[in-house]
Structures are given as structure tokens and as C-alpha cells.
Amino acid sequence: AAANPIRGRYDQSLTFAQNVDLTEPILSRFDILCTVRDLVDPVQDEQLASFVVDSHIRSHPEPDEEIMNLLNAEPVKKKQIDD
């Protein structure tokens, strides 16, 4: 099973149970609890994203019709809310 932190990021000052907001009866069903955290690093995140996209492009050299339609679509304009 997996659970995301309740505030979107793991807070090291809180316990595991407080971070994932699971009750003791549920947590007690697991023998091992592991925490996998994403350390925020914009440079490394950009490198990883580029690697994933480049790998996908290399493994699918011919873009399919759905992707081409998405790439050629008009950008969605945000509606302005009048005060």
C-alpha cells in the first residue's frame, strides 16, 4: 500500500502517522513502513524530465495521431473573472 503526505510534502518534524494521516489500526497491519522522499532540486528535476522525454521520443520515433493533435491544438485561454 502507499500513502501520500497530507500536505503534499513530507514534514520531518511530524511522525509517519501524522504525515500520512492513517489511523493506528490501519498502520498496525503493516510489518514495515518505508518513507520515500523526493528531495526538491530544480536542476536535477529538469535533467530527469528531459531524460524521460528523450527516452520516450527515442523509443517512439513516429508520433501517433493523438499526440500530434495535442501538439497542434490551440492553447487554452484562461477566463478572466470580472470583479
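Small disclaimer: the values here were computed from a predicted structure and weren't measured.

*Asks:* Help me understand the overall build of the protein, please; the structure alone is not making it clear to me.
*Replies:* Scanning the protein from terminus to terminus reveals four helices and zero strands. Along the protein, helices (α) and strands (β) appear in the sequence α-α-α-α when read from the amino end. Taken over 83 residues, the protein has a buried fraction of 4%. Approximately 8,300 Å² of the protein is accessible, and the part contributed by carbon and sulfur atoms is 55%.

*Asks:* Quick question: what am I supposed to make of the layout of surface pockets here?
*Replies:* Think of a ball as big as a water molecule: rolled over the atoms, this probe shows where empty space is left. A volume near 520 Å³ is recorded for the largest pocket. If you go around the largest pocket, you meet 21 residues; those closest to its centre are Ala3, Pro5, Tyr10, Thr35 and Val36. Its residues placed into classes, the lining of the largest pocket shows 15 nonpolar, three polar and three charged.

Here is what the cut-offs are and how they apply
Each chain has its residues counted from 1, running along the sequence as written. At least 70 in pLDDT is required for a residue's local features to be given in this predicted model, at least 80 for side-chain atom pairs to be given and counted, and no such filter applies to totals for whole chains, interfaces and linings, which use all residues. Hydrogens and water are ignored here; the side-chain numbers use all heavy atoms of the structure. The helix count covers DSSP runs of H or I at least four residues long, the strand count covers runs of E at least two residues long, and both are numbered beginning at the N terminus. Categorising residues by exposure relies on relative accessible area from a 1.4 Å probe, with only protein chains included: less than 20% of the type maximum marks a residue as buried, more than 50% marks it as exposed, and the intermediate range marks it as partly exposed. Areas reported here follow the Shrake-Rupley algorithm with a probe of radius 1.4 Å; residue values treat only the protein chains shown as occluding. The distinction between a cavity and a pocket rests on a 1 Å grid over the protein atoms alone: a 1.4 Å probe fits inside a cavity but cannot get out, while a pocket stays open yet meets protein on both sides within 12 Å along at least five of seven lines, and a residue with an atom within 4 Å of a point counts as lining. Grid points are joined across faces, edges and corners, and a volume is the space filled by probe spheres set on the points. In this classification, Asp, Glu, Lys and Arg are treated as charged, Ala, Val, Leu, Ile, Met, Phe, Trp, Tyr, Cys and Pro as nonpolar, and every other residue, Gly included, as polar.

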